Amino acid sequence: MQKYRPHGIAVTDLSAQLWCEKQLEFSFEKGRVKTKEMQKGKERHTDLHEEIYVIIKVEPRTIEDFIAVRLNNCLVGLTTLLKGKMTRELPIYGKVNSLFVLGSIDELVLKNGKLLMLDTKTRGSNNMPSESQKRVTRFQLMLYKHLFDSIKDGKFNHNDLLAFYNLNEKSTITKDIQKQFLEMGDNIEPNINRLSQKVFSMIKGFPEISDNLQIRYESQITKKLIGSDEFQFNAELFKRDCDFVEEFWLEKRKAIPVGESNKWKCNYCEFKTFCSNNTKTLNLFSNKQILS
Ligand code: SF4
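Quantities reported herein were computed from a predicted structural model and do not represent experimental measurements.

Engineer: Help me get a handle on the site of the ligand, residues and values and all.
Structural biologist: Taken together, the residues surrounding the ligand are Cys20, Lys22, Gln23, Phe26, Pro257, Val258, Cys266, Cys269, Lys272, Cys275 and Asn277. Of the residues contributing to the shell around the ligand, the split by class is seven nonpolar, two polar and two charged.

Engineer: Help me get a handle on the pattern of salt bridges, residues and values and all.
Structural biologist: Per the stated rule, a full pass over the model turns up 23 salt bridges. A salt bridge links Glu59 to Arg61; the shortest N-O distance between them is 3.6 Å. Put simply, Glu247 and Arg253 hold a salt bridge, and the shortest N to O gap is 2.8 Å. Take Arg253: its relative accessible area is 10%, and that puts it in the buried class. In this structure, a network of salt bridges that share partners links the residues Glu51, Arg88, Glu107 and Arg216.

Engineer: Now, about a nonpolar patch on the surface: what can you tell me, with residues and values included?
Structural biologist: On the surface, a cluster of nonpolar side chains totalling about 290 Å² of accessible area is made up of Val54, Ile56 and Met184. Secondary-structure assignment places Ile56 in the loop between helix H3 (36–52) and helix H4 (63–84).

Engineer: Outline empty space enclosed by the protein, supporting the account with residue identities and numerical values.
Structural biologist: Per the stated rule, a full pass over the model turns up one cavity of 30 Å³ or more. In terms of lining residues, the largest cavity is bounded by Arg70, Leu71, Cys74, Pro91, Ile92, Tyr93, Ile151, Val199, Phe200 and Ile203. Of all the elements in the fold, those that place two or more residues in the lining of the largest cavity are H4, strand E2 (86–96) and helix H8 (192–204). Looking at the lining of the largest cavity residue by residue, the class counts come to nine nonpolar, no polar and one charged.

Engineer: Requested: an account of the packing of helix H1 (residues 11–19) against helix H9 (residues 235–249), with residues and values cited.
Structural biologist: The description of two helices packed together rests on the angle between their axes and the distance between the axes. Where H1 meets H9, the axes come as close as 10 Å, and the angle between the chain directions of the two elements is 100 degrees. In terms of axis orientation, H1 runs roughly perpendicular to H9. Between H1, through Asp13, Leu14, Gln17 and Leu18, and H9, the contact on the second element is made entirely by Asp241, Phe244, Val245, Phe248 and Trp249. Here the residues of the contact of H1 with H9 sort into six nonpolar, one polar and two charged.

Engineer: Which residues make up the side chain of Ser150, and what are the values?
Structural biologist: Relative to the assigned elements, Ser150 resides in helix H5 (residues 131–152). What makes Ser150 buried here is its relative accessible area of 8%. Engagement of the side chain of Ser150 in a polar contact is seen with the backbone oxygen of His146, the distance being 2.6 Å.

Engineer: If you had to explain the packing of aromatic side chains to someone new, which residues and values would you point to?
Structural biologist: Evaluation of the coordinates by the stated rule reveals 16 aromatic pairs. Aromatic pair Phe156 and Phe200: ring centres 6.0 Å apart, planes at 35 degrees, arrangement tilted. Of this pair, Phe156 sits in the loop between H5 and helix H6 (158–164) while Phe200 sits in helix H8, and the two are 44 residues apart along the sequence. Residue class for Phe156 comes out buried when judged on its relative accessible area of 2%. Residue classification places Phe200 among the buried positions, given a relative accessible area of 5%. The structure contains a cluster of three or more aromatic residues connected by ring pairs, namely Tyr93, Phe100, Phe156, Phe164, Tyr165 and Phe200. Taking the ring centre of Phe244 as reference, the NZ or CZ of Arg253 above it sits at 4.5 Å. Seen from the ring of Trp19, Lys265 lies directly overhead, with NZ or CZ sitting 4.3 Å from the centre.

Cut-offs used in this document
- Residues numbered from 1 in each chain as written.
- Predicted model: local features only at pLDDT ≥ 70, side-chain atom pairs only at ≥ 80, totals over all residues.
- Heavy atoms only, no water.
- Near = heavy atom within 4 Å.
- Nonpolar A, V, L, I, M, F, W, Y, C, P; charged D, E, K, R; others polar.
- Salt bridge = Lys/Arg side-chain N within 4 Å of Asp/Glu carboxyl O.
- Buried < 20%, exposed > 50% of the residue type's maximum accessible area, 1.4 Å probe, protein only.
- Patch = residues over 30% accessible without salt bridge, like charges linked within 9 Å, V, L, I, M, F, W, Y side chains within 5 Å.
- Areas by Shrake-Rupley, 256 points an atom, 1.4 Å probe, with all protein chains shown as cover.
- Helix = DSSP H or I, 4+ residues; strand = E, 2+ residues; numbered from the N terminus.
- 1 Å grid on protein atoms, 1.4 Å probe; cavity = no way out; pocket = protein on both sides within 12 Å on 5 of 7 lines; lining within 4 Å.
- Points joined across faces, edges and corners; volume = space filled by probe spheres on them.
- Axes fitted to C-alpha atoms, helices over the stretch in contact; angles between N-to-C directions.
- Parallel < 35°, antiparallel > 145°, perpendicular 65-115°, else oblique.
- Contact = heavy atoms within 4.5 Å.
- Polar contact = N/O pair within 3.5 Å; in protein donor to acceptor, adjacent residues only side chain to side chain.
- Phe/Tyr/Trp six-rings, centres within 6.5 Å; stacked < 30°, edge-to-face > 60°.
- Lys NZ or Arg CZ within 6 Å of the ring centre and 35° of its normal.

Here it is as structure tokens:
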């Protein structure tokens with residue numbers, strides 16, 4: 001954690017681990033090549049975000065500024081969810097076992113007293129993804145639900161957030177970022193403790209995210225819906241995957257490459273020339289290979 005993600009592990013790091021943990025490690029060590037598909041996916045998410053928000057760029061100067069901007073975006077998102085019954089790209093913090101994790105929930109909808117979570121993924125082909133790919137995204141959604149519900153249930157509170165970033169009740173944002181907000185006719189609470197308290201207490205006012213989760217797959221070529229993957233939050237599977245991913249971050253073991261049945265993934269991997277995919281390692285961790 002200290003080496004790769006000192007400011008918090010991304011939800012997408014954890015879900016990518018289920019695809020291939022070794023690949024995730026390579027991406028930290030060597031950096032990822034941004035593909036056209038990734039760029040198109042990002043653009044589609046920006047389009048969806050801009051359907052309900054005007055996105056304005058600000059320049060945070062300190063870690064306090066960064067956290068405050070994320071919290072402020074969360075506050076705006078929750079207010080929109082309450083009034084307009086839906087929001088997109090909602091920043092969220094929390095813990096997965098002992099790991100400090102952050103991410104952005106793709107879409108939340110408030111309907112008939114229920115809070116529904118949806119995610120839109122774009123695909124280069126017109127086919128639904130493989131079961132392995134679905135599994136990665138399903139874990140991603142279950143992680144978001146877990147983070148949101150943990151705040152709601154009080155299992156993760158604003159003091160936990162402050163403690164992780166070594167902040168205290170007096171921590172404030174810079175005058176510069178306050179000025180940037182004022183110049184665009186907006187306001188931001190300068191005290192992180194007060195701001196985080198406000199955000200966390202607002203989350204508590206919402207219902208838990210429904211166990212029925214949904215991923216929509218759209219074609220990047222036709223822009224049409226390919227299909228929808230609807231599934232239930234599975235507490236047993238979720239715990240098993242959380243325990244598995246945690247071990248790597250706590251350095252309880254080295255990163256595991258894919259097993260024999262998943263070696264087809266290596267054909268699409270940008271790191272295949274560097275990866276030895278050691279068979280001894282595979283045998284040693286054969287019981288864990290079901291996960292990748
Ligand atoms: S080559 Fe295969 S095992 Fe190695 S990092 Fe890539 S996907 Fe994982």
